[in-house]
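Next come the chains, spelled out residue by residue.
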Amino acid sequence: VQLQAFGGGLVQPGGSLRLSCTASGRPFSSYAMGWFRQAPGKEREFVAAITASGASTAYADSVKGRFTISRDNVKNTVYLQMNSLKPEDTAVYYCASKLTRTAVPITRAPGYRFWGQGTLVTVSS
């Protein structure tokens, strides 16, 4: 499975961005997906996750109510809609996947096998 994340950029505080991550390879609908981020000088942290079916999602407390993860299993794409962005959201955002149909979203990085290359989000005025 190859993952490609895109949609990052420069946005002002309070603005919005939508990240996309497309996957190639085996049936996308069998993969749990997640988004993580890494800010300069910090460890990679969990942002959001969605099960293979799309029925369940999970979010980090820092993004709850502002970010929404979704997926389109026809387009082999997972999205991260980010609203009300803050400077502390500045980071490289990575998508990740794992072949599993678990009903519980995977929120830990070691739980994922495949990773995309990352896309930079900068929130600044």
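Rules of the game
- Residues numbered from 1 in each chain as written.
- Predicted model: local features only at pLDDT ≥ 70, side-chain atom pairs only at ≥ 80, totals over all residues.
- Heavy atoms only, no water.
- 1 Å grid on protein atoms, 1.4 Å probe; cavity = no way out; pocket = protein on both sides within 12 Å on 5 of 7 lines; lining within 4 Å.
- Points joined across faces, edges and corners; volume = space filled by probe spheres on them.
- Nonpolar A, V, L, I, M, F, W, Y, C, P; charged D, E, K, R; others polar.
- Disulfide = S-S within 2.5 Å.
- Helix = DSSP H or I, 4+ residues; strand = E, 2+ residues; numbered from the N terminus.
- Buried < 20%, exposed > 50% of the residue type's maximum accessible area, 1.4 Å probe, protein only.
- Salt bridge = Lys/Arg side-chain N within 4 Å of Asp/Glu carboxyl O.
- Pairing = 2+ DSSP bridges.
- Axes fitted to C-alpha atoms, helices over the stretch in contact; angles between N-to-C directions.

Q: Talk me through the layout of surface pockets; I want residue IDs and the actual numbers.
A: Estimates place the volume of the largest pocket at around 160 Å³. If you trace the largest pocket, you find 13 residues lining it, with Arg37, Ala39, Lys42, Glu45 and Glu88 closest to the centre. Per-class residue counts for the lining of the largest pocket are 2 nonpolar, 3 polar and 8 charged.

Q: Describe in detail the state of the cysteines, supporting the description with residues and values.
A: For the structure on display, the rule yields 1 disulfide. Here Cys21 is linked by a disulfide to Cys95, with a sulfur-sulfur distance of 2.1 Å. The chirality of the disulfide connecting Cys21 with Cys95 is right-handed, given an S-S dihedral of about 60 degrees. Placement of Cys21 in strand 3 (residues 17-24) and of Cys95 in strand 9 (residues 91-99) is noted, with a sequence separation of 74 residues between them. By relative accessible area, Cys95 is classed as buried at 0%.

Q: Break down the pattern of salt bridges for me, with residues and values.
A: Taken as a whole, this structure holds 4 salt bridges when the rule is applied. For Arg37, the salt bridge goes to Glu45, with nearest N and O atoms at 2.6 Å. A residue is classified by how much of its surface remains accessible, and Arg37, at 5% relative accessible area, is buried. Relative accessible area serves as the criterion here: at 36%, Glu45 is assigned to the partly exposed category.

Q: How would you explain the sheet that holds strand 8 (residues 77-82) if you had to name every residue and give the values?
A: The strand order 1-3-8-7 describes an open sheet built from 4 strands, whose pairing is antiparallel. The outermost strands of the open sheet, each flanked by one partner alone, are strand 1 (2-6) and strand 7 (67-72). Ignoring strand direction, the axes of neighbouring strands in this sheet form an average angle of 15 degrees. Here 6 bridges tie strand 7 to strand 8, and the two strands are oriented antiparallel to one another. Within strand 8, the residue paired with Thr68 across the bridge is Gln81.

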